[in-house]
Amino acid sequence: MIITIEISYYPLSDNITEPINSFIDKLKSDDIKVEIGIMSSVITGEYDKVMKSLNDSMKILMDKYPSVFNIKISNSCLIK
């Protein structure tokens, strides 16, 4: 199943650029499409691959920074 996720990441640190760029870099792969926006990013790909990448990426950053993520997940709003 292909899903689309809209996600906003708010690192609660003085330097927000590094954690945001790190998060986006960790999500990118040949199997996952990432479209970067001003206030949120859109991630599209196969459910298991996207969710594993999202889980792994979020955990690394949450271990390092206080963080807030706002996430919407859909299997009916596909970006092609």
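Just so it is clear, the model here is predicted, and its values are computed rather than measured.

Caption draft 1: Inspection of the sheet that holds strand E4 (residues 67-74) at higher detail. Judged by pairing direction, the sheet is antiparallel, and its four strands sit side by side in the order E2-E3-E1-E4 without closing on themselves. Edge positions in the sheet fall to strand E2 (33-36) and E4, since each has one partner strand and no second. Geometrically, the sheet is characterised by an average inter-axis angle of 20 degrees between neighbouring strands, direction not taken into account. Pairing geometry for strand E1 (residues 2-11) and strand E3 (residues 41-46), over six bridges, is antiparallel. Its bridge partner being in E3, Glu-6 is matched across the sheet by Val-42. Here helix H1 (residues 17-27) sits on the sheet and contacts E1, E2, E3 and E4; the angle it forms with E1, its principal contact strand, is near 160 degrees.

Caption draft 2: Local environment of the side chain of Ser-41. By the element assignment, Ser-41 lies in strand E3. Of the residues examined, Ser-41 reaches a relative accessible area of 10% and is grouped as buried. Ignoring sequence-local partners within four residues, the contact set of Ser-41 consists of Ile-5, Glu-6, Ile-7, Ile-24, Glu-35 and Ile-36.

Caption draft 3: Broad picture of the pairing of E3. Looking at chain direction, E2 and E3 are connected through four bridges and run antiparallel. Bridge pairing in E3 places Val-34 opposite Ile-43.

Caption draft 4: Region of interest: helix H2 (residues 47-64). The terminal C-alpha atoms of H2 lie 26 Å apart, and with 18 residues this matches the ideal 26 Å at 1.5 Å per residue to within 8%. Its buried side turned inward, H2 meets E1, H1, E3 and E4. The opening residue of H2, the one whose side-chain oxygen lies 3.0 Å from the backbone nitrogen of Asp-48, is Glu-46.

Caption draft 5: View of the pairing of E1. Here E1 lies mainly inside the structure; seven of its ten residues are buried. Note that E1 and E4 share eight bridges and pair antiparallel. Considered in E4, the bridge of Ile-5 is made with Ile-73.

The rules behind each value
- Residues numbered from 1 in each chain as written.
- Predicted model: local features only at pLDDT ≥ 70, side-chain atom pairs only at ≥ 80, totals over all residues.
- Heavy atoms only, no water.
- Pairing = 2+ DSSP bridges.
- Helix = DSSP H or I, 4+ residues; strand = E, 2+ residues; numbered from the N terminus.
- Axes fitted to C-alpha atoms, helices over the stretch in contact; angles between N-to-C directions.
- Contact = heavy atoms within 4.5 Å.
- Buried < 20%, exposed > 50% of the residue type's maximum accessible area, 1.4 Å probe, protein only.
- Expected span 1.5 Å × (residues − 1).
- Polar contact = N/O pair within 3.5 Å; in protein donor to acceptor, adjacent residues only side chain to side chain.

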